[in-house]
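Secondary and tertiary structure notes
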Amino acid sequence: AGTRVMVASRRVDSAPLYTEQADLCTPGLEELAAAIERGLEAEFREVHASVSSCPDLRQPPFGLAIAGLGGNPRLADVGGVPNLLDPEYHHLSFSVSDIVRCTRPERREDSSGADDAVVTAAVLGASAADARFLGCNGELMPVECVNIGLHSSRTD
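Before going into details, it helps to say that this report is about the structure given with it. (Residues numbered from 1 in each chain as written. Predicted model: local features only at pLDDT ≥ 70, side-chain atom pairs only at ≥ 80, totals over all residues. Heavy atoms only, no water.)

Remarks on unusual backbone geometry
Both trends apply: most residues other than glycine have a negative phi, and most peptide bonds are in trans. In this structure, proline 61 follows proline 60 across a cis peptide bond, with omega equal to 10°. Along the chain, the position of proline 61 falls in the loop between α1 (29-41) and β3 (75-78). (Helix = DSSP H or I, 4+ residues; strand = E, 2+ residues; numbered from the N terminus.)

See the structure below:
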């Protein structure tokens, strides 16, 4: 089972986001560490990559909004350079909650077996800021936790 990738097209008014999804190759952690080490050896004199337990990513030097990545990451590629450069796309805006919902986060059950209707998602990475808000193009580096209700406007 690989990690899903989601590609969203432009959003028009309240129309649902168009998405495409695909399963990605998910190598084992030891295989990944060996590949990272091999890749870095060409650039550095001393290299060692290994698998260890995740530190609390909220603490320095990381400063993220979550303690760890949770073991079920999703990758979302939304929009693209045309949204920044082509005036035809300058009116577009994307909701982070809608994007998270499109990645189809998994429902959880609490200890009583009841469905948890809210999922917490970490949003990390590079993005463009809303030019309508800033008055010009700008970079956005979101580091946030988003709580979304899976029942609202979700379609399977």
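Now, onward.
Focus: the environment of arginine 74
As for its placement among the helices and strands, arginine 74 is situated in the loop between α1 and β3. A sequence separation of 29 residues divides arginine 74 from threonine 103, and the C-alpha atoms of the two residues are 6.6 Å apart.

Some thoughts on the layout of surface pockets
For the largest pocket, the calculated volume is near 1700 Å³. Along its surface, the largest pocket is lined by 50 residues, and Ala76, Val78, Ile99, Val123 and Leu124 are the ones closest to its centre. Counting only elements with at least two residues in the lining of the largest pocket, the list comes to β3, α2 (81-85), α3 (96-102), β6 (118-124), β7 (127-128) and β8 (139-140). Within this model, the second largest pocket holds a volume of roughly 440 Å³. Lining the second largest pocket we find 15 residues, and of these Leu29, Leu32, Val51, Ser52 and Leu69 sit closest to its centre. For the lining of the second largest pocket, the residue count by class is 11 nonpolar, four polar and no charged. (1 Å grid on protein atoms, 1.4 Å probe; cavity = no way out; pocket = protein on both sides within 12 Å on 5 of 7 lines; lining within 4 Å. Points joined across faces, edges and corners; volume = space filled by probe spheres on them. Nonpolar A, V, L, I, M, F, W, Y, C, P; charged D, E, K, R; others polar.)

Some remarks on the pattern of salt bridges
What the rule picks out here adds up to one salt bridge. Ionic pairing is found between arginine 58 and aspartate 56, a salt bridge with its closest N-O pair at 2.8 Å. Overall, aspartate 56 belongs to the partly exposed group, its relative accessible area being 28%. (Salt bridge = Lys/Arg side-chain N within 4 Å of Asp/Glu carboxyl O. Buried < 20%, exposed > 50% of the residue type's maximum accessible area, 1.4 Å probe, protein only.)

What to know about the nonpolar core
Counting six residues, the largest nonpolar core consists of Val100, Val119, Ala121, Val123, Val146 and Ile148. Of all elements in the fold, only β6 and β9 (143-149) reach the threshold of two or more residues within this core. Broken down by element, this core gets its largest block of residues, three residues, from β6. Excluding its chain neighbours within four sequence positions, the residues that come into contact with valine 123 are Val96, Val100, Pro142, Val143, Glu144 and Val146. (Core = buried A, V, L, I, M, F, W, Y, C linked by side-chain atoms within 4.5 Å. Contact = heavy atoms within 4.5 Å.)

It is worth stressing that arrangement in space is one thing and function is another; only the former is reported here.
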